[in-house]
Amino acid sequence: MERFCISIPKELLQRLDDMLTEKGYSSRSEFIRDLIREKLVEKKWEEEGEVFGVMVLVYDHHTKGVTDKLIQIQHMERIKVISSLHIHISHHDCLEVIVMRGKGDEIQRLANHMESLRGVKFSKLIRAAYLEA
Ligand code: NI
């Protein structure tokens, strides 16, 4: 581990400490490391490297065509869907979790496509990436 000093306005440090307490972090260092990793994951999404996307969807499977379209999208060649989980949450609605691997912009495009389908009531893409650090 390397150590370094940073200068930070008092108010900002107070905000940082409030966040640490709120989230239950035991040290500033651990929190700062996580913040840096978060930035690196964002950066990886902007660049050409391989990233992971986890899409959560809630949709009404009675809406005409939505199930077929979702399957069709997931079969697109350039994005690899690693895994998906389907839960029937009510008579009408399904919850689906889709884990994808590929380039950031391609995963994002796919996510946008799924989100905009008629019958999709909720959607959220979680942007993840593997970092060596
Ligand atoms: Ni279902």
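Bear in mind that the values here come from a model prediction, so they are computed numbers and not experimental data.

## Focus: the UniProt feature "domain: Ribbon-helix-helix protein CopG" (unreviewed entry) in the chain
Link 1 in the chain: Summarizing the sequence annotation, UniProt attributes the feature "domain: Ribbon-helix-helix protein CopG" (unreviewed entry) to residues 3–42 in the numbering used throughout.
Link 2 in the chain: When the span residues 3–42 is considered, its composition is 72% helix and 0% strand, and the gap between its end C-alpha atoms is 24 Å.

## Some details on the coordination of the nickel ion
Link 1 in the chain: Within the protein, the nickel ion binds to His-86 (NE2), His-88 (ND1) and Cys-94 (SG); these donor distances fall in the range 2.0 to 2.4 Å.
Link 2 in the chain: For the nickel ion, the donor residues sit on a single chain with the sequence spacing H-x1-H-x5-C.
Link 3 in the chain: Judged by its relative accessible area of 33%, His-86 is partly exposed.

## Brief notes about helix 1 (residues 10–23)
Link 1 in the chain: Given a rise of 1.5 Å per residue, 14 residues ought to cover 20 Å, and the 20 Å separating the end C-alpha atoms of helix 1 matches this to within 8%.
Link 2 in the chain: At the exit of helix 1 stands Gly-24, carrying a positive phi of roughly 85°.

## A few points about the pairing of strand 1 (residues 50–60)
Link 1 in the chain: Strand 1 sits mainly inside the fold: 8 of its 11 residues count as buried.
Link 2 in the chain: Pairing of strand 1 with strand 4 (residues 120–128), which is carried by 8 bridges, proceeds in the antiparallel orientation. Across the sheet, the residue bridging to Gly-53 is Arg-127, located in strand 4.

## Some points on the packing of helix 1 against helix 2 (residues 28–46)
Link 1 in the chain: Packing of helix 1 against helix 2 leaves a shortest axis separation of 10 Å and a crossing angle of 95°. The orientation of helix 1 with respect to helix 2, classified from their angle, is roughly perpendicular. Of the residues in helix 2, those touching helix 1 at Leu-13, Leu-16, Asp-17, Met-19, Leu-20 and Lys-23 are Arg-28, Phe-31 and Ile-32.

## Observations concerning the nonpolar core
Link 1 in the chain: Core analysis: the biggest nonpolar cluster contains 22 residues, and Met-55, Leu-57, Met-100 and Met-114 have the highest contact counts within it.
Link 2 in the chain: Only helix 2, strand 1, helix 3 (66–74), strand 3 (93–103), helix 4 (104–115) and strand 4 provide two or more residues apiece to this core.
Link 3 in the chain: Filtering out sequence-adjacent residues up to four positions away, Met-100 remains in contact with Val-51, Phe-52, Gly-53, Met-55, Ile-79, Lys-80, Val-81, Ile-82, Ile-107, Leu-110, Met-114 and Leu-125.

Calculation notes
Residues numbered from 1 in each chain as written. Predicted model: local features only at pLDDT ≥ 70, side-chain atom pairs only at ≥ 80, totals over all residues. Heavy atoms only, no water. UniProt positions renumbered as here; feature names shortened; annotations may be inferred. Helix = DSSP H or I, 4+ residues; strand = E, 2+ residues; numbered from the N terminus. Donors = N, O, S within 2.8 Å, 3.2 Å for Na, K, Ca; no water. Buried < 20%, exposed > 50% of the residue type's maximum accessible area, 1.4 Å probe, protein only. Expected span 1.5 Å × (residues − 1). Pairing = 2+ DSSP bridges. Axes fitted to C-alpha atoms, helices over the stretch in contact; angles between N-to-C directions. Parallel < 35°, antiparallel > 145°, perpendicular 65-115°, else oblique. Contact = heavy atoms within 4.5 Å. Core = buried A, V, L, I, M, F, W, Y, C linked by side-chain atoms within 4.5 Å.

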